[in-house]
Amino acid sequence: MTETLVPPAASDGQAAPKRLFIKTYGCQMNVYDSERMADVLRPLGYATTDTAADADFVILNTCHIREKAAEKVYSELGKLRELKDARAENSKTGSGNSRNSMIIAVAGCVAQAEGEEIMRRQPAVDIVVGPQAYHQLPELLTRTARARGERIGADFAPVDKFDALPQARGVNGPTAFLTVQEGCDKFCTFCVVPYTRGAEWSRPVAAVLAEARELAGRGVREVTLLGQNVNAYDGEGPDGASSTLARLAYALAEIPGIDRIRYTTSHPNDMTDALIAAHGELDALMPWLHLPVQSGSDRVLRLMNRRHGRTKYLELIDRIRGSRPDMAMSGDFIVGFPGETDRDFEETMDLVRRVGYASAFAFMYSPRPGTPAASMTGQVPAEVARARLHALQALLAEQQLAFNMDKAGRTVDVLFEKKGRHGAQAIGRSPWLQSVHVDDADHLIGRIVPVDIEYGQQNSLKGRLTEKALDGA
Ligand code: SAH
Ligand code: SF4
Ligand code: F3S
């Protein structure tokens, strides 16, 4: 196996492009991280490809949040191993294509949480790299070649990572993610993120603004600011004092070209008055907010260590809608948390009815190694949790459909992002993050255009260009 670790050499002086395949699991921050890994590797001659089959270097950027997510990684690694072995075999017999080796890296939160186990379970893995060390990939690659199988983990140091990432970013369309905050100090009793992403840390304002300007320069119109607790952002400002997310949003809105700003994920306890007020004042701040509550029961919220009750959450939603009446709410819910009774679950259903979500996710509780909830008494039987999950998902789907249908007959601004499947159709997003399909609009990709909504469906809206848009187009 050791020979297969050497990256393909360019013997004829003509460096063949090396192909990089990154498979991303988990949250939007992993999507951002995968893009940045591609940015880091581009100067080394790696261009991305969309299958593992023709890749020289494969990175699995993994998620540890639920058991299923983590287990997927091992089955994917099994498949990659076969591919890698077949390559090595071809190189011996001289048959097959020119790609005789494959380097396999596991990055992300599974790498951080169980790097040792990955190495033990899957010998085909060459590199294990945690979420704070992927800027070291070039070095890890050379070390891999030299060390012949030595595997490398790394510790938390987000400061170093962001300083080391290249300025230039590959962009893909008019929207982009931009990480501004990483890590979590909240320690909800079910959650691995404080262990996989480390303590809360915010990037300095200047660094965020520089990256946003770079994105705007490449045609990006909408940025989604990312953080595990993004509304706890407190990056160093130009005056040395720390800046809030609200202040950051105002500064970003000044950048020519940046017309839309979103942020995710927020914790209810960090939803400040200033941020709520900004939603009423700042046009660029989009009226869509992902504000997970996890449960509608005070008892369960306490067991989860969420540090607020249902009343505080409901009052918060009222205040947010007081500032921005058309705010679309999104959230996450966990059903079957240890000790959750039918009555607790009913309180969750009641809270959902009161809030009215535009889109939200419901998950079945998954016990995670090392978290306090995993050893709590009263683990809920899987069939009970599954029944609750289905009931909650049905209610959320109903609310989403109602929210989408409610847009019929209205004119909404759509940022067109990409071509649709049929003819010259284009797909964009409404301010409320709804997907909008419009015929004969692919020439408008990258622009924000008023669209008459014809009807709303479960997962999207159908619209047509307004007279005004047709005239201006
Ligand atoms: N930082 C964000 C999101 C963290 S993970 C936040 O604070 O909300 C995304 C979602 O996964 C969580 O909101 C939660 O609903 C879900 N989740 C986290 N741990 C889980 C577990 N052990 N079992 C099931 N769902 C979980
Ligand atoms: Fe996990 Fe809670 Fe932190 Fe969100 S706030 S990342 S759910 S510990
Ligand atoms: Fe998963 Fe890590 Fe994100 S555990 S949800 S990839 S922070």
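Residue numbers run consecutively from 1 along every chain, following the written order of its sequence. Each chain gets a letter, beginning with A, and each ligand a number, beginning with 1, in the order they are written. Predicted model: local features are reported for residues with pLDDT of at least 70 only, side-chain atom pairs are reported and counted for 80 or more only, and whole-chain, interface and lining totals are derived from all residues. The side-chain figures draw on all heavy atoms in the structure; neither hydrogens nor water molecules are used.

Description of the domain arrangement of the protein chain
- Here the protein chain is described as being made up of domain 1 (3-155), domain 2 (171-286), domain 3 (288-406) and domain 4 (411-472).
- Residue ranges assigned to the domains are those given by an automatic or database domain assignment. Averaged C-alpha coordinates put domain 3 and domain 4 at centres separated by 31 Å.
- Each partner contributes to the interface: domain 3 provides nine residues, whereas domain 4 provides 10 residues.
- Between domain 3 and domain 4, a total of about 810 Å² is buried, with carbon and sulfur atoms accounting for 50% of that surface.
- Polar contact criterion, stated in full: a pair of N or O atoms within 3.5 Å, where within protein one must be able to donate a hydrogen and the other to accept it, and residues adjacent in sequence count only if both atoms are side-chain atoms. The tally of links between domain 3 and domain 4 comes to seven residue pairs in polar contact (both at pLDDT 80 or more).
- Helix and strand definitions follow DSSP, with helices as H or I runs of at least four residues and strands as E runs of at least two, each counted in order from the N terminus. When residues in the side of domain 3 that touches domain 4 are grouped by element, the largest group, six residues, is from helix α13 (residues 382-405).
- Under this grouping Gly is polar, as are all residues other than the nonpolar Ala, Val, Leu, Ile, Met, Phe, Trp, Tyr, Cys and Pro and the charged Asp, Glu, Lys and Arg. Taken together, the residues of the side of domain 3 that touches domain 4 break down into six nonpolar, two polar and one charged. The criterion used for residue contact is that any of the two residues' heavy atoms lie within 4.5 Å. Buried surface area refers to the total accessible area, computed with a probe of radius 1.4 Å, that the two partners give up upon joining, counted for both partners together.

Digging into the nonpolar core
- We define the nonpolar core as a collection of buried residues of types Ala, Val, Leu, Ile, Met, Phe, Trp, Tyr and Cys that are connected through side-chain atoms lying within 4.5 Å of one another. Each residue is placed in one exposure class: buried if its accessible area under a 1.4 Å probe, protein chains only, is under 20% of its type's maximum, exposed if it is over 50%, and partly exposed if it falls in between. In terms of nonpolar packing, the biggest core is built from 54 residues, with Leu225, Phe333 and Tyr357 touching the most fellow members.
- The biggest single contributor to this core is helix α7 (residues 205-217), with six residues.
- Counting contributing residues per domain, this core is built from domain 2 (171-286) and domain 3 (288-406), each supplying no fewer than three.
- Not counting the four nearest positions on each side in its chain, leucine 225 is found in contact with Leu178, Val180, Val230, Leu245, Leu248, Leu252, Ile261, Arg262, Tyr263 and Thr264.
- Counting 25 residues, the second largest nonpolar core, distinct from the first, contains Val40, Ala107, Tyr134 and Leu137.

Quick word on the packing of aromatic side chains
- Any two rings among Phe, Tyr and Trp, with Trp reduced to its six-membered ring, count as a pair given centres within 6.5 Å; such a pair is stacked if its planes are under 30 degrees apart, edge-to-face if over 60, and tilted if neither. Overall, the coordinates contain seven aromatic pairs when judged by the stated rule.
- Note on phenylalanine 187 and tyrosine 195: the rings are 5.6 Å apart at their centroids and 75 degrees apart in plane angle, and the pair reads as edge-to-face.
- For the pair phenylalanine 333 and tyrosine 357, a centre-to-centre distance of 5.4 Å together with 90 degrees between the ring planes defines the contact as edge-to-face. Of this pair, phenylalanine 333 sits in strand β12 (residues 328-335) while tyrosine 357 sits in the loop between α12 (342-355) and β13 (359-364); the two residues are 24 residues apart in sequence, bridging distant segments of the chain. No difference in accessibility class separates phenylalanine 333 from tyrosine 357, as the two residues are buried.
- An aromatic cluster is defined as three or more aromatic residues linked by ring pairs; in this entry it consists of Phe190, Phe337 and Tyr365.
- A ring is considered to have a charge above it if a Lys NZ or an Arg CZ atom is located within 6 Å of its centre and within 35 degrees of its normal. For lysine 407, the ring lying beneath its charged end belongs to tryptophan 432, and the centroid distance is 4.5 Å.

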